[in-house]
Amino acid sequence: MRTERTTYLLVDGENIDATLGSSILGRRPNPQERPRWDRLLRFTEEHWDQPVRGLFFLSVVQHELPMSFVQALTAIGFRPVALSGDPDQKVVDMAIQRTLEAIVERDADVVLASNDGDFLPQVESLVHGSRRVAVLGFDEFRSAGFTALESRGLELLDLEHDVEAFTVSLPRLRIVPIDEFDPADIL
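Residues numbered from 1 in each chain as written. Predicted model: local features only at pLDDT ≥ 70, side-chain atom pairs only at ≥ 80, totals over all residues. Heavy atoms only, no water.

A.B. asks: I'd like a description of the overall build of the chain, backed by residues and values.
C.D. replies: Scanning the chain from terminus to terminus reveals six helices and six strands. Taking the principal axes of the C-alpha coordinates as reference, the chain spans close to 50 × 40 × 30 Å. Taking all 187 residues of the chain together, 42% fall into the buried category. Long-range pairs, those at least 24 residues apart, make up 62% of the contacts in the chain between residues at least 6 apart in sequence. Charge-centre separation for the chain: the mean point of 19 positive side chains lies 4 Å from the mean point of 32 negative side chains. (Helix = DSSP H or I, 4+ residues; strand = E, 2+ residues; numbered from the N terminus. Buried < 20%, exposed > 50% of the residue type's maximum accessible area, 1.4 Å probe, protein only. Contact = heavy atoms within 4.5 Å. Lys, Arg positive; Asp, Glu negative; His and termini not counted. Charge placed at Lys NZ, Arg CZ, Asp CG, Glu CD.)

Dropping the structure here:
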């Protein structure tokens, strides 16, 4: 019996939140400006037409787990991965790197929600053969190293424009391919 292929959706929530707050909004995001995480799950499942296993990585400081957020993630279908470590350790990055390395041994596809170039070696090792691999982030803030992997099959997706993960329009300058340019969008 053949088991159905799975997509692992790994979310670096800290990176997405930091990029949104610091680089795009210039302040802490309001609740309505945060991504709708259920949309990431739905998009990923529909995009490759297969089941998704959502893993949401969180750093827990001083054992203070944000229970309402964790419960909300669980309710929409994510498995929260709560991590702790020494203050100088990037525990979320370390856990995602290890998870990406472990996925190499599995017959599965991968979507990484992050802009962080710290994952380039692990993503590069996944981009080969029939495995589908994508990075979701903000196009203008995604590590340029990922762009070099597009020719090898890495898909680059934008959280706002491709996934439609937001309920409000973000104040971003989008580079528009001329084939998609519509003057009505700016008039």
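A.B. asks: Give a detailed account of a negative patch on the surface, specifying residues and quantitative values.
C.D. replies: The grouping of Glu4, Glu45, Glu46 and Asp49 at the surface amounts to a negative patch. Tracing the backbone shows Asp49 in the loop between helix 2 (37-48) and strand 2 (52-59). (Patch = residues over 30% accessible without salt bridge, like charges linked within 9 Å, V, L, I, M, F, W, Y side chains within 5 Å. Areas by Shrake-Rupley, 256 points an atom, 1.4 Å probe, with all protein chains shown as cover. Salt bridge = Lys/Arg side-chain N within 4 Å of Asp/Glu carboxyl O.)

A.B. asks: For the nonpolar core, give the residues involved together with the corresponding values.
C.D. replies: Counting residues in hydrophobic clusters, the biggest one holds 27 residues, and the most contacted among them are Leu40 and Leu136. Every residue in contact with Leu136, bar those within four places of it in the chain, is listed here: Leu9, Ile16, Leu40, Phe43, Val111, Leu112, Ala113, Ser114, Leu157, Leu159 and Val163. Counting residues in each nonpolar core, the second largest holds 24 residues, with Leu10, Leu83, Leu100 and Leu149 among its members. (Core = buried A, V, L, I, M, F, W, Y, C linked by side-chain atoms within 4.5 Å.)

A.B. asks: Could you give an account of helix 2, with specific residues and numbers?
C.D. replies: Look at helix 2: 17 Å from first C-alpha to last across twelve residues, which is about the 16 Å you get at 1.5 Å a residue. Among the residues of helix 2, Trp37, Leu40, Leu41, Phe43, Thr44 and Trp48 are the ones counted as buried. Buried residues of helix 2 fall within an arc of 165 degrees about the axis and therefore sit on the same side. Backbone geometry just after helix 2 places Asp49 at a positive phi near 50 degrees. (Expected span 1.5 Å × (residues − 1). Arc of directions from axis to C-beta.)

A.B. asks: Break down the pattern of salt bridges for me, citing the residues and quoting the values.
C.D. replies: Counted under the stated rule, the structure contains 13 salt bridges. In this structure, the salt-bridge partner of Asp93 is Lys90, at a minimum N-O distance of 3.3 Å. With a relative accessible area of 7%, Asp93 lands in the buried category. Across the salt bridge formed by Arg172 and Glu140, the nearest N and O atoms sit 2.6 Å from each other.

A.B. asks: Describe the packing of aromatic side chains, with residues and values.
C.D. replies: The final tally for this structure, using the stated rule, is four aromatic pairs. Ring geometry for Phe56 against Phe69: centres 5.4 Å apart, planes inclined by 80 degrees, an arrangement best described as edge-to-face. Here the residue Phe56 occupies a position in strand 2, and Phe69 occupies one in helix 3 (residues 67-76), the gap between them amounting to 13 residues. Where Phe56 meets Phe78, the ring centres are 5.7 Å apart and the plane angle is 85 degrees; that geometry is what we call edge-to-face. With Phe56 in strand 2 and Phe78 in strand 3 (residues 78-83), this residue pair connects regions lying 22 residues apart in the sequence. By relative accessible area, which is 2% here, Phe56 ends up buried. (Phe/Tyr/Trp six-rings, centres within 6.5 Å; stacked < 30°, edge-to-face > 60°.)

A.B. asks: Outline helix 4 (residues 91-103), supporting the account with residue identities and numerical values.
C.D. replies: Each full turn of the α-helix corresponds to 3.6 residues, which orients residues three or four apart in the same direction. Counted at 1.5 Å a residue, the expected span for helix 4 with its 13 residues is 18 Å, and the 18 Å between its end C-alpha atoms agrees. All of the buried residues in helix 4 are Val91, Val92, Asp93, Ala95, Ile96, Leu100 and Ile103. Summarising the contacts, the buried residues of helix 4 are in contact with strand 1 (6-12), helix 1 (13-25), strand 2, strand 3, strand 4 (108-113) and helix 5 (120-126).

A.B. asks: Residues and numbers for the side chain of Asn115, please.
C.D. replies: Position of Asn115 among the secondary structure elements: in the loop between strand 4 and helix 5. Since its relative accessible area comes to 5%, Asn115 is described here as buried. Polar side-chain contacts of Asn115 include one of 3.3 Å to the side chain of Thr19. With near-sequence residues (within four places) excluded, Asn115 lies in contact with Asn15, Ile16, Thr19, Gly137, Phe138, Phe141, Arg142, Ser143 and Phe146. (Polar contact = N/O pair within 3.5 Å; in protein donor to acceptor, adjacent residues only side chain to side chain.)

A.B. asks: Please provide a residue-by-residue account of the sheet that holds strand 6 (residues 155-158), values included.
C.D. replies: Taken in spatial order, the six strands of this open sheet run 3-2-1-4-5-6, and their pairing is parallel. Edge positions in the sheet fall to strand 3 and strand 6, since each of these pairs with one other strand and no more. With direction set aside, neighbouring strand axes in the sheet form an average angle of 20 degrees. The strands touched by helix 3 within the sheet are strand 2 and strand 3, with strand 3 carrying the most contacts at an inclination of about 150 degrees. Strands in contact with helix 4 are strand 1, strand 2, strand 3 and strand 4; relative to strand 1, the strand with the most contacts, it is inclined by about 165 degrees. (Pairing = 2+ DSSP bridges. Axes fitted to C-alpha atoms, helices over the stretch in contact; angles between N-to-C directions.)

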